[in-house]
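Descriptive analysis of the structure
Each chain is listed here by its residues.
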Amino acid sequence: MQDDKKIKDFEREPVPQELRKGWLNLGAVWLGIGICLASVITGGTLGAGLTISQAIFAAIIGSLLLSIISALCSVVGAKTGLSTGLVSKFALGEYGSYAVSIVISISLFGWFGVQTQLFGASAQQILHELFGVNISVDLLSIIGGLLMTTSAVIGYKAIEKLSILAAPLMSFLLIASLWKVFHSHTWSEISIPPLAENAMPFTIAVSIVAGSFIVGSVIGPDIARYAKTPKDAVLASFFGFLIGYSFVLIIAAILAKATSQSDIVQIMLGLGWGSFAMLILILGQWTTNDNNLYSSALGFSVIFKKVPKFILTIIAGVIGTLLAALNIYDSFVPFLIFLSVLIPPIGGIYTADYFANQSKYSFEHLNTVGKVNVIGAATWIVSAFIAFCTTPSPNGFGLFTLTNAPALDAFLIAFVMQFALVKAAETRKKKLKINQQAM
């Protein structure tokens, strides 16, 4: 029985307490997810558009916001031991949780394909620059997609082990690159102001950082359900985002300033690193993208209850890889951006609902929820609509701005609205009960 537990991934039930992990293990997973090519590109964007001191502060403040959101969402996952799709059932009802699972699964499945295509393009560039070998992006995308699918099929255990391997290696590579840069550049050279055409407002930079990983924070229960305690989940979130993610962004910003490059592959090649460093970059991309597929399969598991998760993962991985090889995602990205705006409100809804009424958040109560929770559904619709209003054209209406990060807007509005409506509903019930007793 114990052996069966070790190979299961508990996609439709709580993770047993004896298989839960401490904050350092979970933090390594968050670190592995955060340390990737996309993160370094984000850091390079900060370096190109800000002074170095502004870039450092933007990275820290944006990462702090991500840490707080991730901690709030992860507490719910640690407390219940359930995935994001199942947690949302308490706040949105059974049909609502299906809608959540569909949105999350399709979105992450789509981004898996986009990142797989990026993986293939990066691998091709590395092989050509280092060895003069030309292999098609399509073939490399297929190889990368199948590798990522393999670790996602195994589940959390494989993702954890890969992250524990990749995170220290990627950190070492970035620190060594920083050391090389400071041997050939002074701080005053790195501190030069950005070019006028690249300059960006500080608030926009903070919003870019906060918006870059907010979807990952919202699906935090997928990882945090393996936490021993809520405290472990919170510590892991701050370790992964405030320390780990900001660390990557800051170093990437400095490297971009020093080399006048935002392309991480060109930066590493320019610094004279060989094939081993390139392999670390590829590994870093792997540990991020397999988590996209992993969480996507968890969402599909809520909908297709009779299909084993590993089969759902294989199907999604194979289809996603083939679509990446066929370049279909070039026209799919606008749709993925549309879906991504729908995900942050989900985190705001279930976290607010949890803190307003913690007693119902247990596996035993999961089958007693209604078909649709009207408050949760209304909050989702309103907060998502406002997020579209704050999303610039052509992906949104661009009517006004709040935080300059539509995803953050959606989370905050959903949290406040859900908490207020739930508390108002509870107050109304109490008044009705008192009136009935008085009669």
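Residues numbered from 1 in each chain as written. Predicted model: local features only at pLDDT ≥ 70, side-chain atom pairs only at ≥ 80, totals over all residues. Heavy atoms only, no water.

**Considering the pattern of salt bridges**
To keep it simple, the criterion reads: Between Lys or Arg on one side and Asp or Glu on the other, a salt bridge is scored when a side-chain nitrogen of the former is within 4 Å of a carboxyl oxygen of the latter. Secondary structure follows DSSP: runs of H or I at least 4 residues long count as helices, runs of E at least 2 residues long count as strands, and numbering of each begins at the N terminus. Accessible area is worked out with a 1.4 Å probe on protein chains only. A residue is then buried under 20% of its type maximum, exposed over 50%, and partly exposed in between.
Counted according to the given criterion, the structure contains 6 salt bridges. In this structure, the salt-bridge partner of Glu426 is Lys423, at a minimum N-O distance of 3.8 Å. Of this pair, Glu426 and Lys423 both sit in helix 19 (residues 406-438), separated by 3 residues, roughly a single helical turn. Given the relative accessible area of 24%, Glu426 is considered partly exposed.

**With respect to a nonpolar patch on the surface**
Going by this rule: Candidate patch residues must exceed 30% relative accessible area and have no salt bridge, after which like charges are joined if within 9 Å and Val, Leu, Ile, Met, Phe, Trp or Tyr side chains if within 5 Å. Computed by Shrake-Rupley with a 1.4 Å probe, the accessible areas treat only the displayed protein chains as cover when residues are assessed.
On the surface, Leu146, Phe310, Ile311, Ile314, Ile315, Val318, Ile319 and Leu322 cluster together to form a nonpolar patch covering roughly 650 Å² of accessible area. By relative accessible area, Leu322 is classed as partly exposed at 46%.

**Here we look at unusual backbone geometry**
Residue Asn404 is not a glycine yet carries a positive backbone phi of 75 degrees. Its place among the elements puts Asn404 in the loop between helix 18 (374-390) and helix 19.

**Brief notes about the environment of Leu298**
Definition in use: Here, residues are in contact when the closest pair of their heavy atoms is within 4.5 Å.
Considering the arrangement of structural elements, one finds Leu298 in helix 14 (residues 275-303). Judged by its relative accessible area of 1%, Leu298 is buried. If we ignore the near neighbours within four places in the chain, the residues touching Leu298 are Glu11, Ser83, Asp222, Arg225 and Lys309.

**A few points about the packing of aromatic side chains**
Where we set the bar: Ring geometry is summarised as follows: Phe, Tyr and Trp rings, the Trp one being its six-membered ring, pair when their centres sit within 6.5 Å, and such pairs are stacked at plane angles under 30 degrees, edge-to-face over 60 and tilted between the two.
Taken as a whole and judged by the stated rule, the model has 15 aromatic pairs. Ring centres of Phe213 and Tyr245 lie 5.1 Å apart, and the angle between their planes is 70 degrees; on these two criteria the pair is classed as edge-to-face. Note that Phe213 is positioned in the loop between helix 9 (202-212) and helix 10 (214-218) and Tyr245 in helix 12 (residues 230-259), a separation of 32 residues in sequence. For Phe213, a relative accessible area of 13% translates into the label buried.

**With respect to empty space enclosed by the protein**
Put simply, the rule is: Any residue with an atom within 4 Å of a point lines the site, the site being either a cavity, points on a 1 Å grid over the protein atoms alone where a 1.4 Å probe fits but cannot get out, or a pocket, an open set with protein on both sides within 12 Å along at least 5 of 7 lines. Grid points are joined across faces, edges and corners, and a volume is the space filled by probe spheres set on the points. Side-chain classes follow a simple rule in which Ala, Val, Leu, Ile, Met, Phe, Trp, Tyr, Cys and Pro form the nonpolar group, Asp, Glu, Lys and Arg form the charged group, and the remainder, Gly included, forms the polar group.
Following the criterion strictly, the structure yields 1 cavity of 30 Å³ or more and no others. In this structure, the largest cavity encloses a volume near 40 Å³. Lining the largest cavity are Ser83, Thr84, Gly85, Ile104, Asp222, Ser295, Leu298 and Gly299. Within the residue set of the lining of the largest cavity, elements represented by two or more residues are helix 5 (84-131) and helix 14. Looking at the lining of the largest cavity, its residues break down into 2 nonpolar, 5 polar and 1 charged.

**Focus on the packing of helix 2 (residues 23-34) against helix 7 (residues 156-184)**
The condition is simple: Where helices are involved, their axes are fitted lines through C-alpha atoms of the stretch in contact, as for all axes, and angles between N-to-C directions lie from 0 to 180°. Note on angle classes: values under 35 degrees are labelled roughly parallel, values over 145 roughly antiparallel, values of 65 to 115 roughly perpendicular, and the remainder oblique.
Where helix 2 contacts helix 7, the two axes come as close as 8 Å, and the packing angle between them is 75 degrees. Taken as axis vectors, helix 2 and helix 7 run roughly perpendicular relative to one another. The residues of helix 7 that touch helix 2, namely those facing Asn25, Leu26, Ala28, Val29, Leu31 and Gly32, are Tyr156, Ile159, Glu160, Ser163, Ile164 and Ala167.

The analysis is restricted to geometry; functional conclusions fall outside its scope.
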